[in-house]
Amino acid sequence: LAAAMVPVFAGCSTDEPASPQVPQTETQSAGGTGKHGPHFPHCGGVSDQTVTELTQVQGLVNTATNSSGCQWLQGGSILGPHFSFTWFRGSPIGRERKTEELSRTSVEDINIEGHGGFIAVGENPLKAGDVNLCEIGIQFDDDFIEWSVSFDQKPYPDPCEVAKELTRQSIVNSK
């Protein structure tokens, strides 16, 4: 038994770093200050009314709002559709894209209003082929924004068309 445990404990050596090393980007190595993209107004410059109109979901409540984003839930409940805008300053979009690639049906490149990023599509886990989630991340220098659109029951509009329009409006409203 003791011989069998040696390989298990050998894997716990303290000589190894606790987490993988993250390579420095050019902006990090050139003095530690990154280049930020434009300023995005409150909730990406998109009103509660616009989110309701585009999603066609009545009774949306903006339940979480701060300087980096907003979240809308039907009736304020976590059970049901949810929609969110998030602004990531000085955060690598590649990490977010990798997470999406591990958890979504597909992730592809996208360009909206001349800005590149990714579009991630998710299917309802209970109904194969039923696309009910779409997330779009768009890069701006060392920043990125992300819109997430998730429906819970039909009928609902195409989540990626909604996410594209919300993203477009945020880009147009940025300063």
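Placed above this text is the structure.
Criteria and thresholds
- Residues numbered from 1 in each chain as written.
- Predicted model: local features only at pLDDT ≥ 70, side-chain atom pairs only at ≥ 80, totals over all residues.
- Heavy atoms only, no water.
- Helix = DSSP H or I, 4+ residues; strand = E, 2+ residues; numbered from the N terminus.
- Buried < 20%, exposed > 50% of the residue type's maximum accessible area, 1.4 Å probe, protein only.
- Contact = heavy atoms within 4.5 Å.
- Areas by Shrake-Rupley, 256 points an atom, 1.4 Å probe, with all protein chains shown as cover.
- Axes fitted to C-alpha atoms, helices over the stretch in contact; angles between N-to-C directions.
- Parallel < 35°, antiparallel > 145°, perpendicular 65-115°, else oblique.
- Left-handed = near helix turned anticlockwise from the far one by under 90°.
- Pairing = 2+ DSSP bridges.
- Lys, Arg positive; Asp, Glu negative; His and termini not counted.
- Salt bridge = Lys/Arg side-chain N within 4 Å of Asp/Glu carboxyl O.
- Expected span 1.5 Å × (residues − 1).
- Polar contact = N/O pair within 3.5 Å; in protein donor to acceptor, adjacent residues only side chain to side chain.

Attention now moves to the overall build of the protein. Check the secondary structure of the protein and you find five helices and seven strands. Listed N to C, the secondary structure of the protein is α-α-α-β-β-β-α-β-β-β-β-α in terms of helices and strands. Residues counted as buried form 37% of the 175 residues belonging to the protein. In the protein, the proportion of contacts linking residues at least 24 apart, taken out of those at least 6 apart, comes to 51%. When the accessible surface of the protein is split by element, carbon and sulfur atoms take 53% of a total near 10300 Å².

So, about the packing of helix α3 (residues 48–55) against helix α5 (residues 159–173). Across the interface, α3 lies against α5 with an axial gap of 10 Å and an inter-helix angle of 155°. One element, α3, and the other, α5, form an angle in the roughly antiparallel class. Seen along the crossing, α3 lies across α5 with a hand that is right-handed. Facing α3, whose interface residues are T50, V51, L54 and T55, α5 presents V162, E165, L166 and Q169.

Moving on, we come to the pairing of strand β4 (residues 106–112). With seven bridges connecting them, β4 and strand β5 (residues 115–123) associate as antiparallel partners. What sits directly across from V107, in β5, is A120. The hairpin formed by β4 and β5 contains two residues between the paired strands, and E113 there has a positive phi angle of roughly 55°.

The next subject is the side chain of E146. Looking at the secondary structure, you find E146 in strand β7 (residues 143–150). As a buried residue without a salt bridge, E146 has its nearest oppositely charged side chain in R104, at a separation of 7.5 Å.

Look at the link from K154 to P155: it is a cis peptide, with omega at 0°. Its place among the elements puts P155 in the loop between β7 and α5. In this structure, Q56 is a non-glycine residue whose phi angle is positive, near 65°. When you line up the elements, Q56 lands in the loop between α3 and β1 (60–66).

With 15 residues, α5 should reach 21 Å at 1.5 Å per residue; the first-to-last C-alpha distance of 21 Å fits that figure. Every buried residue of α5 is listed here: P159, C160, V162, A163, L166, T167, Q169, S170 and I171. The inward-facing, buried residues of α5 abut α3, β3 (82–88), β4, β5, β6 (131–140) and β7. One side-chain oxygen of the residue at the start of α5 lies 2.7 Å from the amide nitrogen of C160, identifying that residue as D158.

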